[in-house]
Amino acid sequence: MSTTTTRRAAVLGHPVAHSLSPVLHGAAYRALGLDGWQYGVHDVTEDALEGFLSDVDAGWAGLSLTMPLKQVVIPLLDHVDPLAEAVGAVNTVLFSAAGGSGSGAVTITGTNTDVHGIVAALREGLGVRGVADAVILGGGATAASALAAVAELGCVSPRVFVRSLDRIGPLRAAVARMGVSPSFEVFDEQATTSALAVADAVVSTTPKYAADQWAPLLTGLLTGAGEKPRGVLLDVVYDPRPTALQSAWAALGADAVGGERMLLHQAAEQVRLMTGRPAPLAAMDEALRRALA
């Protein structure tokens, strides 16, 4: 049954024109019959975020946040969900009415659906298997969500490979809050490639093209031995799609999951939180496939 109740939501970031969130949320609203719901796109810088939030009223349901807003938004919120607080990154903002009836004031809550997205995407390759050993490539905000995700799947001591140990202060702080115990290592051709080959789960959180270097190294290591990677790869990058690492992984005969699967599942959880209804995953998936075709 459709409803024409007017509600607003949007994705914010800088840059943000490339975002596929409108495709996913729009498909969900249509499938749910939410005729009055609107989902917009707003290019908002870090400096402009506080002003944007100050203009939000009770007609708003929520926001999806992309970089560089996931961390700078935290001091601007009334409440932060425990998971988002531990990870140190908010990708979803929810609004609820505050004050007297009709006042228009809102309470602003931040949460994190990236962890849900990573877990669900990995589950597409893992099935019911758990994760004893995991590798995470990269040391940014998404890496913190990946740490929480692999911990949920059973691995609290993954190996995290980064470009520099001097630039992961926020990630170390997140580790302390989460109570996990990863090892941090600098990228090294032999050690990193060997770790990728034997992990139950690998999550690459590096920017596009940054993980390409591991594709030929992994192929060279395993092809001669007639072996394949033991675990499942999730590369969070979906443009280009597939990535070089994802292509090499699949060519070796192992399960590789693209970043668009994480995107789908984190958006589905956002829809559930913003609308209060189960997300129509099949309709969102179909819309995403058409957009990426």
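Residues numbered from 1 in each chain as written. Predicted model: local features only at pLDDT ≥ 70, side-chain atom pairs only at ≥ 80, totals over all residues. Heavy atoms only, no water.

(A) Region of interest: the overall build of the protein chain. Looking only at helices and strands, the protein chain features 11 helices and 12 strands. Its C-alpha atoms give the protein chain a radius of gyration of 20 Å, near enough to 19 Å, the size a compact globule of 293 residues would have. Counting only C-alpha atoms and orienting by the principal axes, one finds that the protein chain spans roughly 70 × 40 × 30 Å. Out of the 293 residues belonging to the protein chain, those deemed buried represent 50%. Across the protein chain, contacts joining residues at least 24 apart in sequence account for 72% of those joining residues at least 6 apart. Summed over all atoms, the accessible surface of the protein chain reaches about 12700 Å², with 52% contributed by carbon and sulfur. Of the charged side chains in the protein chain, 20 are positive and 28 negative, and the gap between their average positions amounts to 5 Å. (Helix = DSSP H or I, 4+ residues; strand = E, 2+ residues; numbered from the N terminus. Rg over C-alpha atoms; globule rule 2.2 N^0.38 Å. Buried < 20%, exposed > 50% of the residue type's maximum accessible area, 1.4 Å probe, protein only. Contact = heavy atoms within 4.5 Å. Areas by Shrake-Rupley, 256 points an atom, 1.4 Å probe, with all protein chains shown as cover. Lys, Arg positive; Asp, Glu negative; His and termini not counted. Charge placed at Lys NZ, Arg CZ, Asp CG, Glu CD.)

(B) View of the packing of aromatic side chains. Scanning the model with the defined rule gives four aromatic pairs in all. Between Phe-187 and Trp-214, the aromatic rings sit 5.6 Å apart at their centres with planes inclined by 50 degrees, giving tilted as the arrangement. Highlighted residues: Phe-187 in the loop between β9 (183–186) and α7 (189–198) and Trp-214 in helix α8 (residues 214–223), separated in sequence by 27 residues. Overall, the relative accessible area of 2% leaves Trp-214 in the buried class. Every member of this aromatic cluster is reached through a ring pair, and the members are Tyr-29, Trp-37 and Tyr-39. (Phe/Tyr/Trp six-rings, centres within 6.5 Å; stacked < 30°, edge-to-face > 60°.)

(C) Just helix α10 (residues 259–275), in detail. Helix length check: α10 (17 residues) gives 24 Å between terminal C-alpha atoms against 24 Å at 1.5 Å per residue, within 8%. The element α10 is extensively covered by neighbouring structure, given that 15 of its 17 residues are classed as buried. Residue Gly-276 follows α10 closely and has a positive phi angle near 75 degrees. (Expected span 1.5 Å × (residues − 1).)

(D) Structural view of the side chain of Asn-112. Within the element layout of this structure, Asn-112 appears in the loop between β6 (106–111) and α4 (114–126). Judged by its relative accessible area of 5%, Asn-112 is buried. Within the structure, the side chain of Asn-112 is placed 3.0 Å from the backbone oxygen of Ala-89, a separation counted as a polar contact. In this structure the side chain of Asn-112 is engaged in a polar contact, spanning 2.9 Å, whose partner is the backbone nitrogen of Asp-114. (Polar contact = N/O pair within 3.5 Å; in protein donor to acceptor, adjacent residues only side chain to side chain.)

(E) Expanded view of unusual backbone geometry. In this structure, Pro-68 follows Met-67 across a cis peptide bond, with omega equal to 10 degrees. In this fold, Pro-68 is placed in the loop between β3 (60–65) and β4 (79–80). Cis rather than trans, the peptide bond between Asp-239 and Pro-240 has omega equal to 5 degrees. Summarising the element assignment, Pro-240 is placed in the loop between β11 (232–235) and α9 (244–251). At Tyr-209, a position not held by glycine, the phi torsion is positive, near 75 degrees. Mapped onto the fold, Tyr-209 is located in the loop between β10 (201–204) and α8. Residue Tyr-209 is classed as exposed on the basis of its relative accessible area, which comes to 53%.

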